[in-house]
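Understanding the architecture of this molecule
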Amino acid sequence: MKNEEIILSEREKILGRIREALKVSAPLPGSHSEVAAHATTESPASHAREWLPSVGASGAEQFDLFAKNCADLKADFQLLNNREELPAALQKIAAAEKWSRIASHDGELSNFASVSLGLPVLLTDKGYDVQEMEKCDAGISECDALIAQTGGVVVTNRSAGGRALSVLPPHHIVLARREQLVADLPAAFALLQQKYADNYPSMISFITGPSRTGDIERILVLGAHGPKKLTILCF
Amino acid sequence: MSFVSQFKSLASEKTRDLRHRSVIRTALRSYEVVRDKRKAAFQSWESARQAAAETKWEAINHLDEHLVALTAKLEARGTKVHWASNGAQAREIISQILRDKKARSIIKSKAMTSEEIHLNHALEKEGYTVVESDLGEFIVQLRHEAPYHIVFPSMHLTRGEIKDLFQKELGDAPSDSPEDLTMVARRVMRQKYLTADVGFTGGNFAIAETGMISITENEGNARLTAALPKTMITLMGIEKVLPRFADLALFLPMLATAGAGQPMTCYNTMYSGPRQPGECDGPEEWHVVLLDNRRTELLANAEQRDSLHCIRCGACLNVCPIFRNVGGHTYGTTYSGPVGAVITPHLRGLQDWKHLSNASTLCGGCTEACPVKIDLHHHLLQNRRNASTSEPAFFEKLAYQTFAIVANEPAFWSLAKKIGWLTQPLQSLVKGTALDPAKAWTKTRELPPQPLESFKDWWKNRK
């Protein structure tokens, strides 16, 4: 009880100091005359689309941009003609990397993919042993969106089998449908808002390329702690 | 040693250190090139900066409302929010959580706020095992050092030094290739993620609208830290709020571009709670500790309030000629470079830290590099003004008063000229020694000889 009182009072003290400090107003940044007017009505960031890197108008241009960004990020992007090509594409990777077990989650696409491999599968949905996941050669997951502008993948713990599946195994395979490609970051945020509204998954992650570090002489190394490889299979 | 003499002595040592200079040059060589390339990819980087500055202005100037909204949303989904006015309170809150959970081991992802409150030291003294998981932080932790740079903690070390360090501390260093060394750290860390009792993180942005904390990282260590241990603790400054979820669409690419010349950092992850019903993993408990630690004092200074807009990208450090020459450790502060020079006097005392605002060329490179348009170099000037107003240096005051008398009276001025000309040969005898009153200046500089005839005399006597 006493502890609770202290916590409450600390909160009130900090908020009190903030309110006291804000009695004096600070100058607005920059010299835009319309700043004050639109700062109160809409977000200054709401026009972000006009300033962020351009993405091209057509779907084809955006797929090209996504592919180019993936190449820059050293992520493997494969655009397949249809769903039926998915098993062959996966089997090719599995054979090349000699997978013996995989981790995945329950989902229409992920079930189809993991069944087609015929390997032991660790499913995360009903809880799992992390030591077992650590032994898996790849994590196969669905996603919420692909972003042309950045070459990124949006996953949530609801759409992609939890928090660890997309980051613990050494190879993360993302399964996506063509219509999941969005043009830019504002579109990705709008999609998340529309899809999850007031019940957001407790983790939303924008994954842009495989895990990396430059902490030693600023030289790029892939697979610092997360996956060394990121493959995006899209049909 | 006082903070200022420590700064002076380290700065003069580092500026002469050719090895240090070449390491820093290597580390920052490509930064400006890749950053400018990424900036140029924006349709309008300048408009984006203006919008980012306005968004942060809105966030900071309504900080109380945003914090109330943020914490209500967080608590509604089972997150425990704690408020700490200072470092001691934050450390005690964290210790209490660890005691309650009977924790022994903590895996940490990068958090400058934890450096600010010297958390690792305090926890290790209490017997906890604390492991930094970010590669750069792990390296400086093994060396018992503070991070050299807020974004690149180990940029002052060569691969050879890191190899020797790993060999000595871990007994494992197959070669000095960055790839091999990174894989050593990866192997060491893997089991730690799986077995740590508590995962500890910082936060880059807090979204008031949705009650989320967004963490930016490249390595995946924060993702793992927030996924595997049963308890998660996040320590974050109160100034990190953004009003809306969609604001991240602007801030995430800007942070990556300004900070490291990346289009996006590899993982940008928004957390809105501990493991929720129906979710298959994640921490059972999430504690968010909001830290004031004199940020509200900075907030009360309307003139410099915008320094709370800082998103800790490190851009101002990277371009700063002082940082590049004296290096990160010389500052002796958690936040170094221009932004550190601006905020440290507010966070830790003006008279103790005013010297950082003098260590500046006022070139304005920092202000230009800042993605949220903090007026950094003017704030350095304001710190100088405030320092001299609050406690003017006696001799400086006396010197300027004397100069004003002499310069305002032609008879005194011409007498001073004569004395100057006559005593000039004596100056060369004491130049740069302890007897020289202008030692700090003349030690490394030549005083030009004073001519016998001044311009005024020449003009008067010309034919």
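Residues numbered from 1 in each chain as written. Chains lettered and ligands numbered in written order. Predicted model: local features only at pLDDT ≥ 70, side-chain atom pairs only at ≥ 80, totals over all residues. Heavy atoms only, no water.

Attention now moves to the overall build of chain B. Looking only at helices and strands, one finds 25 helices and ten strands in chain B. In terms of principal-axis extent, the alpha carbons of chain B reach across some 100 × 50 × 45 Å. Out of the 463 residues in chain B, the part that is buried amounts to 56%. With the model as given, the accessible surface of chain B reaches about 19,600 Å², and the carbon-plus-sulfur share is 57%. (Helix = DSSP H or I, 4+ residues; strand = E, 2+ residues; numbered from the N terminus. Buried < 20%, exposed > 50% of the residue type's maximum accessible area, 1.4 Å probe, protein only. Areas by Shrake-Rupley, 256 points an atom, 1.4 Å probe, with all protein chains shown as cover.)

This part is about the packing of aromatic side chains. The final tally for this structure, using the stated rule, is 16 aromatic pairs over all chains. Ring pairing ties together the aromatic residues Phe189, Tyr200 and Phe206 of chain A together with Phe245 of chain B, which thus form one cluster. The ring of Phe112 of chain A has Arg83 of chain A lying over it, and the distance from NZ or CZ to the ring centre is 4.0 Å. Looking at Arg312 of chain B, its charged tip hangs above the ring of Tyr335 of chain B, at a distance of 4.2 Å from the centre. (Phe/Tyr/Trp six-rings, centres within 6.5 Å; stacked < 30°, edge-to-face > 60°. Lys NZ or Arg CZ within 6 Å of the ring centre and 35° of its normal.)

A separate point is the interface of chain A and chain B. Contact with chain A, which involves 81 residues of that partner, is made by 100 residues of chain B. Together chain A and chain B conceal approximately 7,800 Å² of surface at their shared face, both sides included; 61% is due to carbon and sulfur atoms. Where Arg17 of chain A meets Asp292 of chain B, a salt bridge forms, and the shortest distance between an N and an O atom there is 2.8 Å. Linking chain A with chain B are 48 residue pairs in polar contact (both at pLDDT 80 or more). Taken together, the elements giving at least two residues each to the side of chain A that touches chain B come down to helix H1 (2–21), helix H2 (35–41), helix H3 (48–51), helix H7 (130–134), helix H8 (185–196), strand E9 (203–207), strand E10 (212–213) and strand E11 (221–222) of chain A. If you tally residues by element for the side of chain A that touches chain B, the top one is H1 of chain A, at eight residues. (Contact = heavy atoms within 4.5 Å. Buried area = accessible area lost by both parts, 1.4 Å probe. Salt bridge = Lys/Arg side-chain N within 4 Å of Asp/Glu carboxyl O. Polar contact = N/O pair within 3.5 Å; in protein donor to acceptor, adjacent residues only side chain to side chain.)

Another aspect to go through is the sheet that holds strand E7 (residues 171–176) of chain A. Residue and element names in this part refer to chain A. One open sheet accounts for six strands, arranged E1-E12-E7-E4-E2-E3; its pairing is parallel. Among the strands making up the open sheet, the edge pair consists of strand E1 (76–79) and strand E3 (121–123). Across this sheet, the average inter-strand angle for adjacent strands is 20 degrees, counted without regard to direction. Its contacts with the sheet put helix H6 (residues 108–117) on strand E2 (102–104), E3, strand E4 (138–142) and E7, and the angle it makes with E4 is roughly 145 degrees. (Pairing = 2+ DSSP bridges. Axes fitted to C-alpha atoms, helices over the stretch in contact; angles between N-to-C directions.)

Looking now at the sheet that holds strand E10 (residues 285–291) of chain B. All names here are of chain B. On the basis of which strands lie adjacent, the open sheet formed by six strands has the order E1-E10-E7-E4-E2-E3 and parallel pairing. Strands at the two margins of the open sheet, each flanked by one partner only, are strand E1 (80–84) and strand E3 (129–132). Within this sheet the neighbouring strands show an average axis-to-axis angle of 20 degrees, counted without direction. Here helix H6 (residues 87–100) sits on the sheet in contact with E1, strand E2 (105–108), strand E4 (198–201), strand E7 (231–237) and E10, set at roughly 150 degrees to E1. Against the sheet, helix H11 (residues 178–195) engages E2 and E3, with an angle of about 120 degrees to E2.

What follows is about the nonpolar core. One finds Phe206 of chain A together with Leu67, Phe166, Phe245 and Leu250 of chain B to be the most contacted residues of the largest nonpolar core, which totals 158 residues. Sorting elements by how many residues they give to this core places helix H13 (residues 248–260) of chain B first, with eight residues. The contacts of Leu250 of chain B, once residues within four sequence positions are left out, are Ala45, Ala48, Trp51 and Leu52 of chain A together with Ala48, Ala51 and Ala52 of chain B. Ranked by size, the runner-up nonpolar core spans 20 residues in total, among them Leu98, Ala103, Leu123 and Val198 of chain B. (Core = buried A, V, L, I, M, F, W, Y, C linked by side-chain atoms within 4.5 Å.)

Turning our attention to the pairing of E1 of chain B. All names here are of chain B. E1 sits mainly inside the fold: four of its five residues count as buried. By the bridge criterion, five bridges tie E1 to E10 in an arrangement that is parallel. Along E10, the bridge assignment pairs Trp83 with Leu290.

The next thing to look at is the domain arrangement of chain A. Entries for chain A in the domain assignment read domain 1 (2–45) and domain 2 (52–234). The gap between the C-alpha centroids of domain 1 of chain A and domain 2 of chain A is 39 Å. (Domains from an automatic or database assignment.)

Positive charge collects at one region of the surface, where Lys8, Arg16, Lys439 and Lys443 of chain B lie side by side. Looking at Lys443 of chain B, the relative accessible area reads 55%, which means it is exposed. (Patch = residues over 30% accessible without salt bridge, like charges linked within 9 Å, V, L, I, M, F, W, Y side chains within 5 Å. Lys, Arg positive; Asp, Glu negative; His and termini not counted. Charge placed at Lys NZ, Arg CZ, Asp CG, Glu CD.)

This part covers the side chain of Glu142 of chain A. All names here are of chain A. Within the secondary structure, Glu142 is located in strand E4. We note that Glu142 is buried and unpaired, the nearest opposite charge coming from Arg177 at a distance of 5.6 Å. A distance of 3.3 Å separates the side chain of Glu142 from the backbone nitrogen of Glu108, its partner in a polar contact. There is a polar contact of 2.9 Å between the side chain of Glu142 and the backbone nitrogen of Leu109.

The relative placement of two packed helices is expressed as an angle between their axes plus a distance between the axes. Residues and elements named next belong to chain B. Running from N to C, helix H22 (residues 394–408) and helix H23 (residues 410–430) cross one another at 105 degrees; their axes reach a closest spacing of 5 Å. When the interaxial angle is binned, H22 and H23 end up roughly perpendicular. The segment H22 lies against H23, with Phe403, Ile405, Val406, Ala407 and Asn408 engaging Pro410, Phe412, Trp413 and Ala416. For the contact of H22 with H23, the per-class residue count stands at eight nonpolar, one polar and no charged. (Parallel < 35°, antiparallel > 145°, perpendicular 65-115°, else oblique. Nonpolar A, V, L, I, M, F, W, Y, C, P; charged D, E, K, R; others polar.)

All names here are of chain B. Taking 1.5 Å per residue, 14 residues should reach 20 Å; H6 reaches 20 Å between its end C-alpha atoms and fits that length. Along H6, the residues that are buried comprise Gly87, Ala90, Ile93, Ile94, Ser95, Ile97 and Leu98. Packed against the buried residues of H6 are E1, E2, helix H8 (119–125), E4, E7 and E10. In this structure Asn86 caps H6, since a side-chain oxygen of it lies 3.2 Å from the backbone nitrogen of Ala88. (Expected span 1.5 Å × (residues − 1).)

Let's shift gears to the pattern of salt bridges. Residue and element names in this part refer to chain B. Tallied over the full model, the rule gives 34 salt bridges over all chains. Close ionic contact of Arg294 with Glu297 constitutes a salt bridge, the shortest N to O distance being 3.3 Å. We classify Glu297 as partly exposed; its relative accessible area is 44%.

Next up on the list: the domain arrangement of chain B. Domain annotation of chain B identifies domain 1 (1–41 + 302–391), domain 2 (46–293) and domain 3 (410–461). The C-alpha centroid of domain 3 of chain B is placed 57 Å from the C-alpha centroid of domain 2 of chain B.

All names here are of chain B. Where helix H9 (residues 135–142) meets helix H10 (residues 159–170), the closest approach of the two axes is 10 Å, and the angle between their N-to-C directions is 65 degrees. Here the hand of the crossing between H9 and H10 comes out left-handed. From H9, Leu135, Phe138, Ile139 and Leu142 reach across to H10, where they touch Ile162, Leu165, Phe166, Glu169 and Leu170. (Left-handed = near helix turned anticlockwise from the far one by under 90°.)

Locating Arg77 of chain B in the fold gives a position in the loop between helix H5 (63–76) and E1. Glu279 of chain B provides the closest opposite charge to the buried, unpaired Arg77 of chain B, separated from it by 5.1 Å. From its side chain, Arg77 of chain B meets the backbone oxygen of Tyr200 of chain A in a polar contact 2.5 Å long.

Residues and elements named next belong to chain B. By the definition in use, this model includes three cavities of 30 Å³ or more. Contributing to the lining of the largest cavity are 18 residues, with Cys320, Ile322, Pro338, Ser360 and Leu380 lying nearest its centre. The set of elements that each furnish at least two residues to the lining of the largest cavity consists of helix H16 (321–326), helix H17 (337–348), helix H20 (365–369) and helix H21 (376–390). With three residues, H17 is the single largest residue contributor to the lining of the largest cavity. Empty space within the second largest cavity amounts to approximately 100 Å³. (1 Å grid on protein atoms, 1.4 Å probe; cavity = no way out; pocket = protein on both sides within 12 Å on 5 of 7 lines; lining within 4 Å. Points joined across faces, edges and corners; volume = space filled by probe spheres on them.)

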